[in-house]
Amino acid sequence: MNVCPYAEKCGACDYMGMPYEEQLAKKKQFIQELFPKTKTEDVRGMEKPYQYRHKVYATFGKDRKGNIRAGIYEEESHHLIYPRDCLIQHPTANAILKDMCTLAGKMKLEVYNEDRRTGVLRHAYIRISHATGEVMLVIVIGSREFPGSKRFVSEIRKMHPEISTVILNRNDRKTSMILGDWEKVLYGSGTITDEISGVSFRISSRSFYQVNPVQTEKLYRTALELAEIKESDIVLDACCGIGTISLLAAKQAGKVTGFEVVNTAVKDAVFNAKANQIRNAHFVCADEKTYLKECRETYDVIIMDPPRAGMSKEFLNSVNSSRIVYVSCNPVTQKRDTEILKKKGYRIRRVIPFDMFPFTKHCENIVLLQKQNP
């Protein structure tokens, strides 16, 4: 078993050093305690639970010797630590971060200081396509300009030709958020492409897309199996993001509608439908609180994959389909939401946890609900 020497300070990997089977058992127990009246199935784990993160954030700082390093904040503090070769991050991301630091040192670039609001380099955000290996690199600066940006992009691409697009983002606010509002494409298209079960997806810098592609394919496949979608079914994909579940469901359904509050994600979803020549899926930008009240469609199946905050009461109280598949990255809010649905006559049929984040306490969970009196 590999053990990270920075685990105690970092705090990201709560279960680092714990045997993997024990991790899965603890996660199953957690889900079972949330849903005590339904038998929780075994957690669907990974064969190789290391280096699974294809989405990586880092913050630039300086070590005691004054060298530029890419690190993360120590647990419950604003103190940077600098792990080498993070065990859960994709090795390509680890290598790019190291070379960015070396290059920044050679170019005498200054790291951004939040208190003094001086310097240039603030964060790096890297996303790697599982299907193609292409890399999106987002360089976040805290200054108005990035001196030597052309040289920096040229040099880092020589070191890593797999970087297919580079985006410059500006964030000069005092915030824990990584990305600012302004960005500019310095190289490439500004997007990369990944694939799930034969369907390709365009991913932009602000797109929601799962960090663990190996488990994502299994997660979505299971969710669609539980949905038991027929050719005549009309399906709603709530909080659809860039259309991942929607377009996979469209292979089985008569019609799929996906809605999402983030307009750029909806644009990506529309593009993805056209790129895959899927004509029975369409997407709208809408608020979940009002969507079901205002739409005129009746849905046979509803699939939900919301942010950690869960679904709104307004949406849940307007639901009226025979089957609901609820995918959640926060089983606590999922539990809260299912209590509302049970009052509307829904019954939990299956609970299936997925380990999307090995060595952490986090667990993805799928709940299948059916209307008792459709």
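Note that this is a predicted model, so its numbers are computed, not measured.

Reading the values: the criteria
Residues numbered from 1 in each chain as written. Predicted model: local features only at pLDDT ≥ 70, side-chain atom pairs only at ≥ 80, totals over all residues. Heavy atoms only, no water. Phe/Tyr/Trp six-rings, centres within 6.5 Å; stacked < 30°, edge-to-face > 60°. Lys NZ or Arg CZ within 6 Å of the ring centre and 35° of its normal. Disulfide = S-S within 2.5 Å. Buried < 20%, exposed > 50% of the residue type's maximum accessible area, 1.4 Å probe, protein only. Salt bridge = Lys/Arg side-chain N within 4 Å of Asp/Glu carboxyl O. Helix = DSSP H or I, 4+ residues; strand = E, 2+ residues; numbered from the N terminus. Arc of directions from axis to C-beta. Contact = heavy atoms within 4.5 Å. 1 Å grid on protein atoms, 1.4 Å probe; cavity = no way out; pocket = protein on both sides within 12 Å on 5 of 7 lines; lining within 4 Å. Points joined across faces, edges and corners; volume = space filled by probe spheres on them. Nonpolar A, V, L, I, M, F, W, Y, C, P; charged D, E, K, R; others polar. Polar contact = N/O pair within 3.5 Å; in protein donor to acceptor, adjacent residues only side chain to side chain.

A. Broad picture of the packing of aromatic side chains. Scanning all chains against the criterion turns up six aromatic pairs. Clustering of aromatic rings is evident, with ring pairs tying together Y20, Y50 and F359. The ring of W182 carries the charged tip of R170 above its face, separated from the ring centre by 4.1 Å. One cation-aromatic arrangement involves R202 over F271; the distance from NZ or CZ to the ring centre is 3.9 Å.

B. Fine view of the state of the cysteines. For the coordinates displayed, the defined rule picks out zero disulfides. Note on C4: no disulfide assigned, nearest cysteine sulfur contributed by C86 at a separation of 6.4 Å. The exposure class assigned to C4 is buried, which follows from its relative accessible area of 16%. For the unlinked cysteine C10, the closest cysteine sulfur is that of C13, found at 6.0 Å.

C. Local environment of the pattern of salt bridges. One pass over the structure, following the stated rule, counts 18 salt bridges. With a closest N to O distance of 3.1 Å, R323 and D233 form a salt bridge. Taken as a pair, R323 in strand β14 (residues 323-328) and D233 in the loop between α5 (213-227) and β10 (234-238) lie far apart in primary sequence, 90 residues in all. Its relative accessible area of 9% is what places R323 among the buried residues. Using a relative accessible area of 3% as the deciding quantity, one classes D233 as buried. Through salt bridges with shared partners, a single network forms among E41, R44 and R350.

D. How the structure looks around helix α4 (residues 149-159). For α4, every residue scored as buried is listed here: S149, F152, V153 and I156. Looking straight down α4, one finds that the buried residues subtend no more than 95° of arc, so they occupy a single side. Exposed side of α4, more than 90 degrees from the buried face: K150 and K158 are the residues found there. Looking at the buried positions of α4, the neighbouring elements they touch are α3 (91-106), β5 (135-141), β6 (163-170) and β7 (182-187).

E. Just the layout of surface pockets, in detail. Estimates place the volume of the second largest pocket at around 720 Å³. Taken together, 26 residues line the second largest pocket, and the ones lying closest to its centre are G61, K62, D63, L80 and Y82. Considering every element that reaches the lining of the second largest pocket, the biggest residue donor is strand β1 (residues 55-62), with four residues. Taken together, the residues that form the lining of the second largest pocket break down as nine nonpolar, seven polar and ten charged.

F. Looking closely at the environment of Y82. Note on placement: Y82 falls in the loop between β3 (80-81) and α3. Distance in space between the C-alpha atoms of Y82 and D99 is 14 Å, their sequence separation being 17 residues. A polar contact is formed between the side chain of Y82 and the backbone nitrogen of K62, at a distance of 3.2 Å.

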